[in-house]
Amino acid sequence: MSNSILLKIENNIAYITLNRPEVFNSFNREMALNLQSVFDDCEKNDAIRAIVLTGNGKAFCAGQDLKEVTSPELNPGFKKILEEHYNPIILRIRNIEKPIIGAINGVAAGAGANIALACDVVIADEKVNFIQAFSLIGLIPDSAGTFFLPRLIGFQKASALAMLGDKVSAEEAERLGMIYKWVPSDVFSETVKKTASKMANMPTKALGLIKKTLNQSLTNNLKDQLALESKHQIEAAGTEDYAEGVAAFIEKRQPNFKGK
């Protein structure tokens, strides 16, 4: 694997870093396929109980590397780019039954913005801007931007941002409900690490079931969602972590969850 994606595993946390800082971590085919492979490895590794996705350098991700799509010898074509690059990345983010924290360190534009929004918990540095940059070059939002954005901030605001391509500051993104929160630059890394550590020590199976249940809530009716909650609650109640959580509550001590 090339160094376009960096992976560090520490204290049950996988830190995945987009690593093409010279082009603001924009995606080419190699990086997109490498990211999918790293996600697959993290999913299979039981020692990993939380995942952090971030970028190296000044940007989180500027979206698609336009050099790739404007160079005949490099261009895989939009069909491949969407069906083999971005769509599989979004599906992995949503389907991995472990919490994924989007640690947005710098500008998130185009597909980069929508990959960020697909994460379970999004923490942004104060200097971050989110930009639906597609319309500015004659394209439409992809990477599930038209799916998640209106659900996060409402149809009218999503429509305006998609069409106008306005910059949204980290503070405004939190106010709109687009992200979990923004933090000052001097505590960004520490906040991400503390959040990831907390999640890595929580009942992993339950977090995975929360994720699955929330995914279905985007399309289920009330009756089907209630049935799904019942199914997953029964499953959660059969885990070792549930037994530990109840025992710790009764014994008035901190639980020691194992992710089982």
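These figures come from a predicted structure and were not determined experimentally.

A. Molecular detail of the overall build of the protein chain. A count of helical and extended segments in the protein chain gives 11 helices and 10 strands. Relative to the compact-globule value of 18 Å for 260 residues, the protein chain shows a C-alpha radius of gyration of 19 Å, a close match. Its C-alpha atoms put the protein chain at 65 × 40 × 35 Å along the principal axes. Evaluated residue by residue, the protein chain yields a buried proportion of 47% over its 260 residues. By element, 55% of the accessible surface of the protein chain is carried by carbon and sulfur atoms, the whole surface being about 13,400 Å². Across the protein chain, the centroid of the 30 positively charged side chains sits 2 Å from that of the 30 negatively charged ones.

B. Geometry of helix α8 (residues 185-200). In this model α8 runs 23 Å from its N-terminal to its C-terminal C-alpha over 16 residues, within 8% of the 22 Å that 1.5 Å per residue would give. Of the residues making up α8, those classed as buried are Phe188, Thr191, Val192, Thr195, Ala196, Met199 and Ala200. Contacts from the buried residues of α8 go to β2 (13-18), β3 (50-55), β5 (100-104), β7 (121-125), β10 (181-183) and α9 (204-217).

C. Examining the sheet that holds strand β6 (residues 107-109) more closely. Spatial ordering of the open sheet is given by β4-β6-β8-β9, a layout of four strands whose pairing is mixed. Two strands close off the open sheet at either side, each with one partner strand: β4 (59-61) and β9 (167-169). The mean angle between the axes of side-by-side strands here comes to 20°, regardless of whether they run parallel or antiparallel. As judged from the two bridges shared by β6 and strand β8 (residues 129-131), these two strands associate in the parallel manner. Note that in β8 the partner of Ala109 across the bridge is Ile131. The strands touched by helix α4 (residues 111-118) are β4, β6 and β8; relative to β6, the strand with the most contacts, the crossing angle is about 100°.

D. Looking closely at the pattern of salt bridges. Considering all chains together, one arrives at 12 salt bridges under this definition. When the shortest N-O distance is used, the salt bridge between Asp65 and Arg20 registers 3.2 Å. Residue Asp65 is found in the loop between β4 and α2 (66-70), and its partner Arg20 is found in the loop between β2 and α1 (29-44); the two are separated by 45 residues along the sequence. With a relative accessible area of 10%, Asp65 lands in the buried category. Between Asp125 and Lys127 there is a salt bridge, with its nearest N and O atoms 3.3 Å apart. What you see here is one network of salt bridges that share partners, running through Arg94, Asp120 and Lys211.

E. Local environment of the sheet that holds β7. With mixed pairing, the six strands of this open sheet are ordered in space as β1-β2-β3-β5-β7-β10. In this open sheet, the two edge strands, each paired with only one partner strand, are β1 (5-10) and β10. With strand direction ignored, the average angle separating the axes of adjacent strands in the sheet is 20°. Running over the sheet, α1 touches β1, β2, β3 and β5 and is turned about 180° from β2.

F. Molecular detail of the pairing of β7. Counting buried positions along β7 yields five of five residues, so the element is predominantly enclosed. Alternating positions in β7 separate into two faces, Val121, Ile123 and Asp125 on one and Val122 and Ala124 on the other, with burial throughout. Bridge analysis of β5 against β7 gives four bridges, and the strand direction is parallel. When the sheet's bridge partners are listed, Ile104 is paired in β7 with Ala124. Pairing geometry for β7 and β10, over three bridges, is parallel. Note on β10: the bridge partner recorded for Ile123 is Lys181.

G. Structural detail: the nonpolar core. Counting residues in each nonpolar core, the largest one holds 48 residues, and the members touching the most others are Phe27, Phe39, Phe130 and Met178. Filtering out sequence-adjacent residues up to four positions away, Phe39 remains in contact with Ile16, Ile51, Leu53, Ile89, Arg92, Ile93, Ile96 and Ile100. If you look at the next biggest cluster of nonpolar residues, it comprises 14 residues, including Ala50, Ile101, Val121 and Ala196.

H. Just a nonpolar patch on the surface, in detail. Together, Leu66, Phe78, Leu136, Ile137 and Leu139 make up an exposed nonpolar region whose accessible area comes to about 480 Å². Examined against the element boundaries, Leu66 turns out to sit in helix α2. Note on Leu66: relative accessible area 44%, which makes it partly exposed.

Analysis parameters
- Residues numbered from 1 in each chain as written.
- Predicted model: local features only at pLDDT ≥ 70, side-chain atom pairs only at ≥ 80, totals over all residues.
- Heavy atoms only, no water.
- Helix = DSSP H or I, 4+ residues; strand = E, 2+ residues; numbered from the N terminus.
- Rg over C-alpha atoms; globule rule 2.2 N^0.38 Å.
- Buried < 20%, exposed > 50% of the residue type's maximum accessible area, 1.4 Å probe, protein only.
- Areas by Shrake-Rupley, 256 points an atom, 1.4 Å probe, with all protein chains shown as cover.
- Lys, Arg positive; Asp, Glu negative; His and termini not counted.
- Charge placed at Lys NZ, Arg CZ, Asp CG, Glu CD.
- Expected span 1.5 Å × (residues − 1).
- Contact = heavy atoms within 4.5 Å.
- Pairing = 2+ DSSP bridges.
- Axes fitted to C-alpha atoms, helices over the stretch in contact; angles between N-to-C directions.
- Salt bridge = Lys/Arg side-chain N within 4 Å of Asp/Glu carboxyl O.
- Core = buried A, V, L, I, M, F, W, Y, C linked by side-chain atoms within 4.5 Å.
- Patch = residues over 30% accessible without salt bridge, like charges linked within 9 Å, V, L, I, M, F, W, Y side chains within 5 Å.

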